[in-house]
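# Chains, contacts and geometry: an overview
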Amino acid sequence: MKLLHLDSSALGTHSVTRELSAAIVARWQDAVADLKVEYRDLDADPLPHLTGRSLAKADAAEVETAEATLQQFLDADVVVIGAPFYNFSIPSTLKAWIDRVAVAGRTFRYTAEGKPEGLAGNKRLFIASGRGGLYGDNSPADFQEAYLRQVFGFLGVTDLEIVRAEGVAYSPQHRADALAAAHASIRSPLAEAA
């Protein structure tokens, strides 16, 4: 079994999402003996943003990196993404990664009737979400979790779980409480299978 672990926070060791994504991965490592984990830090090693040159495949090295990124996503059985809430959305580095895995004919297609069909639905996805404020599940200001649900649902990934810590910027106590609640919400993969 393969697990792809992505982090996108620019906050390094102060990151809520890095802490939570690492905790999710640790649960999987404890539960699945033969788990192979691949890690990518999208802040330290960002992908280039999609441009006209990218689409024209003008740079052979960029084409090779894009294909490797896509294949890594396709090969994963489980994907864990650290996705902080930046300016009501996600970090641009995470969006650049999504642009490399949302590929027509590979992760989605349109049917003869013009309806989208996801082709990457054979995986589980965990989003480690961190928010400075309080937004809940259905805020009109949420272009982070709602966007991630939409884009991965479009790709066919419907087995998606969000582990969220919010209100972390209010005070040190809010941060500690939010992290404790988020950690407590991380379920064991084996408990779910039982």
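Scope of this entry: the structure provided in the associated data block. Given the structure is predicted, the values throughout are model-derived calculations rather than measurements.

## Some thoughts on the packing of helix α4 (residues 92-101) against helix α5 (residues 145-154)
Direction vectors running N to C along α4 and α5 enclose 10°, while the axes themselves pass 12 Å from each other. It follows from the interaxial angle that α4 and α5 lie roughly parallel. Of α5, the residues touching α4 (which contributes L94, K95, W97 and I98) are Y147, L148, V151 and F152. Partitioning the contact of α4 with α5 into residue classes produces seven nonpolar, no polar and one charged.

## Quick look at helix α1 (residues 16-31)
Counted at 1.5 Å a residue, the expected span for α1 with its 16 residues is 22 Å, and the 23 Å between its end C-alpha atoms agrees. Taken together, the buried positions of α1 are V16, T17, R18, L20, S21, A23, I24, V25, W28 and A31.

## Digging into helix α3 (residues 60-75)
The α-helix advances 3.6 residues per turn, and as a result positions three or four apart in sequence lie on the same side. End to end, α3 covers 22 Å across 16 residues, agreeing with the expected 22 Å (1.5 Å per residue, within 8%). All of the buried residues in α3 are E62, A66, T69, L70, Q72 and F73. Angularly, the buried residues of α3 cover 160° about the axis, an arc narrow enough to put them on a single face. Seen from the buried face of α3, the exposed residues on the opposite side, beyond 90 degrees, are A60 and E64. In this structure, the buried side of α3 is in contact with β1 (2-7), β2 (36-41), α2 (52-55), β3 (78-84), α4 and α5. Measuring from the side-chain oxygen of the N-cap residue of α3 to the backbone nitrogen of A61 gives 2.9 Å; that N-cap residue is D59.

## As for the sheet that holds β1
Pairing in this open sheet of five strands is parallel, and the strands run β2-β1-β3-β6-β7 from one edge to the other. Every interior strand has two partners, whereas the edge strands, β2 and β7 (159-166), have only one. Across the sheet, the axes of successive neighbouring strands diverge by a mean angle of 15°, strand direction being ignored. Strand direction decides the pairing type here: β1 and β2, joined by six bridges, are parallel. Its bridge partner lying in β2, K2 is registered against K36. Against the sheet, α3 makes contact with β1, β2 and β3, and its axis sits at roughly 125° relative to β1, the strand it touches most.

## So, unusual backbone geometry
Positive phi outside glycine occurs at K57, with the angle close to 55°. By the element assignment, K57 lies in the loop between α2 and α3. Backbone geometry places N87, a non-glycine residue, at a positive phi of 50°.

Each value, and the rule that gives it
Residues numbered from 1 in each chain as written. Predicted model: local features only at pLDDT ≥ 70, side-chain atom pairs only at ≥ 80, totals over all residues. Heavy atoms only, no water. Axes fitted to C-alpha atoms, helices over the stretch in contact; angles between N-to-C directions. Helix = DSSP H or I, 4+ residues; strand = E, 2+ residues; numbered from the N terminus. Parallel < 35°, antiparallel > 145°, perpendicular 65-115°, else oblique. Contact = heavy atoms within 4.5 Å. Nonpolar A, V, L, I, M, F, W, Y, C, P; charged D, E, K, R; others polar. Expected span 1.5 Å × (residues − 1). Buried < 20%, exposed > 50% of the residue type's maximum accessible area, 1.4 Å probe, protein only. Arc of directions from axis to C-beta. Polar contact = N/O pair within 3.5 Å; in protein donor to acceptor, adjacent residues only side chain to side chain. Pairing = 2+ DSSP bridges.

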